[in-house]
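# Architecture and fold: a report
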Amino acid sequence: MTESTRLAVGDTAPTFTLTDQDGAAVSLSDYAGQKVVVYFYPAAMTPGCTTQACDFRDNLGSLKAAGYQVLGISKDAPAKLKKFQEHDAVNFPLLSDESLDVHNAYGAYGEKNLYGKIVTGVLRSTFVIDEAGIIQWALYNVKATGHVASLRKKLGIDA
């Protein structure tokens, strides 16, 4: 599989409808008129992804106060996402993209360097989408640790 096209600031965010951890359909259009942080992570309940999800969880109040909703997307099945949500008290929707269609639409799947080997997989990525559905930030290959603090600075939210 070839690397999907990367999005850039000013692009229209690709629309999607995915199943969340409770089996409900969640669409980007459900958040029309709101600012949304959409982040892609490789696998639920792995150390880095847990760190990142817990960072978003712990900062959700201030992100929401600044007008941002958070959506996490992985290729995990909804049942695994439910376990992740319950195990780590994740307080925002976790969406399942088993087909990788949304990952590819956002350029969040492709070749990456993993411990010195080139592999194809999920690229840990975060997108900030404004009220009109336009990409304000397109951040690829972010680190799990410290990413939310860095994002807060970019968004002008005081830590």
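Residues numbered from 1 in each chain as written. Predicted model: local features only at pLDDT ≥ 70, side-chain atom pairs only at ≥ 80, totals over all residues. Heavy atoms only, no water.

## Thoughts on the packing of aromatic side chains
Using the following cut-off: In this analysis, rings of Phe, Tyr and Trp, with Trp reduced to its six-membered ring, are considered paired at centre separations within 6.5 Å, and the interplanar angle assigns stacked below 30 degrees, edge-to-face beyond 60, and tilted for intermediate values. Strands here are runs of E lasting at least two residues and helices are runs of H or I lasting at least four, both read from the DSSP assignment and numbered beginning at the N terminus. A simple rule labels every residue: compare its accessible area, found with a 1.4 Å probe on the protein chains alone, to the largest value its type can have, and call it buried under 20%, exposed over 50%, or partly exposed in between. Over a ring means this: the NZ of a Lys or the CZ of an Arg is within 6 Å of the ring centre and within 35 degrees of the ring normal.
All chains considered together, the criterion is met by ten aromatic pairs. Residues F127 and Y140 carry aromatic rings whose centres are separated by 5.4 Å and whose planes lie at 80° to one another, so their mutual orientation is edge-to-face. Note that F127 is positioned in strand β8 (residues 125-129) and Y140 in the loop between β9 (135-139) and α4 (147-155), a separation of 13 residues in sequence. Just as F127 is buried, Y140 falls in that class too. When the ring centre of Y140 is taken as origin, the NZ or CZ atom of R6, which lies over that ring, is 4.3 Å away.

## A few points about the sheet that holds strand β4 (residues 68-74)
Basically, it comes down to this: When DSSP locates at least two bridges between a pair of strands, those strands are taken to pair. Angles shown run from 0 to 180 degrees and are taken between the N-to-C directions of axes, each axis being a line fitted to C-alpha atoms and, for helices, limited to the stretch in contact. Contact criterion: two residues are considered in contact whenever any of their non-hydrogen atoms come within 4.5 Å of each other.
Here seven strands make up an open sheet; going across it, the order is β2-β1-β5-β4-β3-β8-β9 and the pairing mixed. Strands with a single pairing partner mark the edges of an open sheet, and in this sheet they are β2 (25-27) and β9. Across the sheet, the mean angle from the axis of one strand to that of its neighbour is 30°, orientation sign disregarded. Judged from the two bridges that link them, strand β1 (residues 17-20) and strand β5 (residues 94-96) form a sheet pairing that is antiparallel. Bridge pairing in β5 places D20 opposite L95. Docked against the sheet, helix α2 (residues 78-88) engages β1, β4 and β5, running at close to 165° with respect to β5. Contacts from α4 reach β3 (35-40), β4, β8 and β9 within the one sheet, and its direction differs from that of β9 by about 150°.

## Things to note about the pairing of strand β7 (residues 117-122)
Of the pairings in the sheet, the one linking strand β6 (residues 109-114) to β7 comprises six bridges and is antiparallel in character. Each residue of the ladder has a partner; that of Y109, found in β7, is V122. Counting the residues that bridge the hairpin from β6 to β7 gives two residues, and of these Y115 lies at a positive phi of roughly 55°.

## Here we look at helix α1 (residues 47-65)
Note the following rule: In a helix, the anticipated span is given by 1.5 Å times the number of residues less one. Note that the bend at a residue is defined as the angle between axes fitted to the seven residues ending at it and the seven residues starting at it.
Here α1 contains 19 residues, and its C-alpha end-to-end distance of 28 Å stays within 8% of the 27 Å for a straight helix at 1.5 Å per residue. At N59, α1 shows its largest bend, some 55°. Within α1 the residues assigned to the buried category are C49, T50, Q52, A53, C54, F56, N59, L60 and L63. Turning to α1, the residues buried within the fold contact β3, β4, α2, β8 and α4. Immediately downstream of α1, the backbone of G67 shows phi near 95°, a positive value.

## Some details on the nonpolar core
Rule in force here: To qualify as a nonpolar core, a set must consist of buried Ala, Val, Leu, Ile, Met, Phe, Trp, Tyr and Cys residues joined through side-chain atoms within 4.5 Å.
Counting residues in each nonpolar core, the largest one holds 23 residues, and the members touching the most others are Y41, F56, V70 and F92. A total of five residues in this core trace back to one element, the largest contributor, which is α1. Sequence-distant contacts of Y41, that is, excluding residues within four places in its chain, are made with C49, Q52, G72, I73, S74, D76, L81, F84, L94, V122 and R124. Judged by nonpolar contacts, the second largest core, of 20 residues, contains V38, F40, Y106 and I129.

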